2 protein chains.
Amino acid sequence: MSLIGLDVGGTSMKAAVTHDSEVLLTESCPTDREDPVGGILDFAAHLASRAAALGSPAQAAGIALPGIVDESTGTAVHSANLGWRDVPMLHLARERLGIPVAVGHDVRTGGLAEAELGAGRDAGDFVFMAIGTGIAAALILNGSPYPGTIGWSGEIGHVVVRPNGEDCACGNKGCLERYSSAAAISRRHGASVPAEEVIARAGRNDEKAAQVWSEALDCLADGLAATTLLLDPSLLVIGGGLAKAGESLRAPLATRLADRLTFREAPRLTLSELDDQAAVKGATILAARLLPPHKPKK
Amino acid sequence: MSLIGLDVGGTSMKAAVTHDSEVLLTESCPTDREDPVGGILDFAAHLASRAAALGSPAQAAGIALPGIVDESTGTAVHSANLGWRDVPMLHLARERLGIPVAVGHDVRTGGLAEAELGAGRDAGDFVFMAIGTGIAAALILNGSPYPGTIGWSGEIGHVVVRPNGEDCACGNKGCLERYSSAAAISRRHGASVPAEEVIARAGRNDEKAAQVWSEALDCLADGLAATTLLLDPSLLVIGGGLAKAGESLRAPLATRLADRLTFREAPRLTLSELDDQAAVKGATILAARLLPPHKPKK
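Everything numeric here is computed off the predicted structure, so don't read it as measured data.

I keep staring at the domain arrangement of chain A and nothing clicks. Help me out?
Often the size quoted for an interface is simply the accessible area lost on bringing the parts together. All names here are of chain A. Considered domain by domain, chain A is made up of domain 1 (2-109 + 277-290) and domain 2 (121-271). For domain 1 and domain 2, the distance between their C-alpha centres works out to 27 Å. The interface is formed by six residues belonging to domain 1 together with 13 residues belonging to domain 2. Taking both sides of the interface into account, the surface hidden between domain 1 and domain 2 amounts to around 820 Å²; carbon and sulfur atoms contribute 63%. When residues of domain 1 are sorted by the area they lose upon contact with domain 2, Ile 68, Val 107 and Arg 108 head the list and together hold 73% of the total. For the interface between domain 1 and domain 2, the tally reads zero salt bridges. One can count one residue pair in polar contact (both at pLDDT 80 or more) joining domain 1 with domain 2. Here the side of domain 1 that touches domain 2 is composed, by residue class, of three nonpolar, no polar and three charged.

The structure is reproduced here in structure tokens:
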């Protein structure tokens, strides 16, 4: 008997089927931008049939979704990127698969995995911030992601760090995301240079790249300083695609954060240990929680 | 049998002695700036003897303190204003009074009272922000103030809202407190005009006053927008001395907050119902929690 963990991104979906923490198979496929909900259900059904074909039928599935997610009802409330609104995803997936299904917010689900298996496993309350196309955070309180009152917590990407700054797609100006997401770093540099290359060039003293990267770091430090002042976390974990930059990101960000926290120590800043598998693993944890407690074999 | 609730401020201390929620006496006195700890203990002992003289000896005391407070150990970790560091206040007060004592952070204690008796009593998770000489917040999660990992949560007054703005005493620049505290509003207007008078003059189209007040409101809205994006509270409660401005504060602040939250609804914004008694009442709640559960009389 196995578990399905599925992570839905804006451009691709990733999944794993596991049995007793052992990975039986992993798959990824493009997100269906015409019919994202149909595409998710088809992919989930395909994973279930592959699991069955391997002799380990799926017992439960967890699905991590982008946008605004109401975990209590399993509803995909809104995704500007995928164009859905109020999709009863839990219900639809449960009907299609015929097994228990849990639905989570992608960054909170990633944070859950970091809390159980990754960089946060020995920490108290901590913040997981995923930097990719956008920027969002999961607040891990008491071992679990805190969704907020209506599932909208952790929107650090839209905290204003440069008042009257660059126009953001959200309608506001100067949002963190406009300066520090992987997409923003690439865009602000120009000439179709991806973020990781901008960071590499900054390290080689390319002036334009150094300037864009330095501003991105400053804005990230501003956002994390505000988060620290409000929440007083024990640890900050950076994940998402940009975390692949490793120490080129972590070390200067930690320094800039400490500079801003003038009257208190900065929390420890570390990189995700689960990389781009955090949400898949978190979705598997959500699935496992749907099962009755495991009875050890005699 | 009675309870003592004591709120220590930077310039004065306020207290109430209550019996079954009925106020037997209230008192206030200046904070002893030479020996603040001795002054607090003397005031508490005085209250206990007055309670005894009224025939209702104190059973327990709660003390709300400014600065950084570790509620778990009852330690007054640091107050820049009162100049103490690592004072074992719970221990000292318990020894002096001979009754159980609880110690809380002043703003969190005020937030607790709003949660139990005031503006937050029918709310889910909410944020209480006190605007006085400084600005700080209490995050009320699950009915209780969330202290953070080391008791430093809610430092919204030092969230930077104007990068490279005015120098703050904390060593940083552009902190919310530098623009929107009662002290800042008075100082930025100049000519020793207190904040409430600046607000009144702004309403009469005094240009200088209108400008200072408008910037104070903008900065408050910036800080509350960041808080909302991170935490997704159900409600924002404004307390502290500046809340006496009433609708002159609440209405324009609510409008500016909604303008900033472009992709989500703003949480409801309301004023404290307990005014400057919030922390005293909260301290009394802390004291009551030290007692065994109340047995109804037969």
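Now that the structure has been shown, we can carry on.
What is the right way to look at the relation of the copies chain B and chain A in this model?
Here the two chain copies are tied together by a rotation about an axis and a shift along that axis. Expressed as a screw transformation, the operator carrying chain B onto chain A has a rotation angle of 180° and an axial translation of 0.0 Å, and the superposed copies differ by an RMSD of 0.0 Å. The transformation relating the two chain copies, once decomposed into turn and shift, fits a two-fold axis.

Can you walk me through the interface of chain B and chain A in this structure?
With 34 residues of chain B at the interface, the matching set in chain A holds 34 residues. Linking chain B to chain A there are zero salt bridges. At the surface where chain B touches chain A, the tally comes to 22 residue pairs in polar contact (both at pLDDT 80 or more). Elements supplying a minimum of two residues to the side of chain B that touches chain A: strand 10 (135-141) and helix 7 (207-231) of chain B. Considering each element in turn, the side of chain B that touches chain A owes the most residues, five residues, to helix 7 of chain B. Among the residues making up the side of chain B that touches chain A, the classes are represented as 17 nonpolar, eleven polar and six charged.

Conventions adopted
Residues numbered from 1 in each chain as written. Chains lettered and ligands numbered in written order. Predicted model: local features only at pLDDT ≥ 70, side-chain atom pairs only at ≥ 80, totals over all residues. Heavy atoms only, no water. Domains from an automatic or database assignment. Contact = heavy atoms within 4.5 Å. Buried area = accessible area lost by both parts, 1.4 Å probe. Salt bridge = Lys/Arg side-chain N within 4 Å of Asp/Glu carboxyl O. Polar contact = N/O pair within 3.5 Å; in protein donor to acceptor, adjacent residues only side chain to side chain. Nonpolar A, V, L, I, M, F, W, Y, C, P; charged D, E, K, R; others polar. Least-squares fit on C-alpha atoms with pLDDT ≥ 70 in both. Helix = DSSP H or I, 4+ residues; strand = E, 2+ residues; numbered from the N terminus.

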